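Chain by chain, the residues run as shown.
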Amino acid sequence: MQKIVSRILLIVIIITGLAVWCCKDHKSGDGQDKITIGISKYIDNDHYTRYAQWLQAVDSNIILIDLYHIPIDSALIRLEECSALLLSGGADVHPGFYNRDEDTALCSIDFYRDTLEMALIGKALEADMPILGICRGLQILNVYFGGSLYADIPFQYSDSLIHRNDNKDFDASHPVSVSDRSWLFHLNGGISSDTVNSSHHQGIRELGEGLFNAAWADDGLIEAIHRIDTAGSPFLMAVQWHPERMRNGHSFSAPLAKRFVKAAKQYQTDKYAEKK
């Protein structure tokens, strides 16, 4: 009898310990839920780990889930667990997606990623999920909404401004101007211009339907976009520069991270409220 009681107590202790461990796994030390953000491609190297560092500087509870190194159907299922979608930088978008197949020779293409991100964007929009695009992320969002791209800026647009260094290990830099009617202008406290980093050879040719030109370079190339109808719409913004690689406190970096994290938190709060 005593052995049975001892075994029951041991089982109770184990179950209690597992419950506590599970809670700790899903909660931070201050009791707040982890914020899970799906990233369209993540690799464990310096370029990609900076995305997590950039967002975790706003909230250490941020967790990024790589959606690239799994089948597309699995990625769409994983996205359902997330509270936001981050479209990271990377290879060129296939020109076939914007009906300019003749430009394919000018591109370095990852067709799987194009297909994956198109599916992820559609799923996120259907769920009213916050979306942030960075560099390539701006380009794929523009294409998703029916826009087109310059496949190679120096060849098809202008070489008056350097948007990418020949040595890709180092970012170029140039000024951008911000519309005073844009989200970005209000996010950064009304700053209308600043210098950003730049590491791309493609850019927006025709703006996608329902998108707003929020910022541009001195050569006129579009550098930031968001929805035209911002009132009550889920967060959707993209920038051509890499805010995750800019100094802390930059007017076009930290405010963007804060606003994206805020949108993800609100989405998570609303999602769990609907389940109750």
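That block above? That's the structure.
Residues numbered from 1 in each chain as written. Predicted model: local features only at pLDDT ≥ 70, side-chain atom pairs only at ≥ 80, totals over all residues. Heavy atoms only, no water.

A. Expanded view of helix H5 (residues 136-144). Within H5, eight of the nine residues are buried, which leaves it mostly tucked inside the rest of the structure. Among the residues making up H5, those that are buried are Arg-136, Gly-137, Leu-138, Gln-139, Ile-140, Leu-141, Asn-142 and Val-143. Just past H5, the residue Gly-146 takes up positive phi, approximately 90°. (Buried < 20%, exposed > 50% of the residue type's maximum accessible area, 1.4 Å probe, protein only. Helix = DSSP H or I, 4+ residues; strand = E, 2+ residues; numbered from the N terminus.)

B. Here's a closer look at the pairing of strand S2 (residues 62-66). Two strands pair when backbone bridges link them, and strand S1 (residues 35-39) and S2 are joined in this way by five bridges, in the parallel orientation. The residue of S2 that forms the bridge with Thr-36 is Ile-63. Running through helix H2 (residues 46-56), the crossover from S1 to the neighbouring parallel element S2 is right-handed. (Pairing = 2+ DSSP bridges. Right-handed = clockwise from strand over helix to strand, strands pointing away.)

C. Highlighting unusual backbone geometry. The backbone phi angle of Asn-99 is positive, close to 60°, even though this residue is not glycine. In this structure, Cys-135 takes a positive phi of about 55° despite not being glycine. You can see Cys-135 is positioned in the loop between strand S4 (131-134) and H5.

D. Spatial organisation of the sheet that holds strand S6 (residues 172-178). The strand order across the open sheet built from nine strands is S2-S1-S3-S4-S11-S10-S9-S6-S7, with neighbouring strands paired in mixed fashion. Strands at the two margins of the open sheet, each flanked by one partner only, are S2 and strand S7 (193-198). Between one strand and the next, the sheet's axes are offset by a mean angle of 25°, whatever the strand orientation. For S6 and S7, the ladder comprises six bridges, and the chain directions are antiparallel. From the neighbouring strand, Val-176 faces S7, where its bridge partner is Asp-194. Across the face of the sheet, H2 comes into contact with S1, S2, strand S3 (85-87) and S4 while running at roughly 155° to S2. (Axes fitted to C-alpha atoms, helices over the stretch in contact; angles between N-to-C directions. Contact = heavy atoms within 4.5 Å.)

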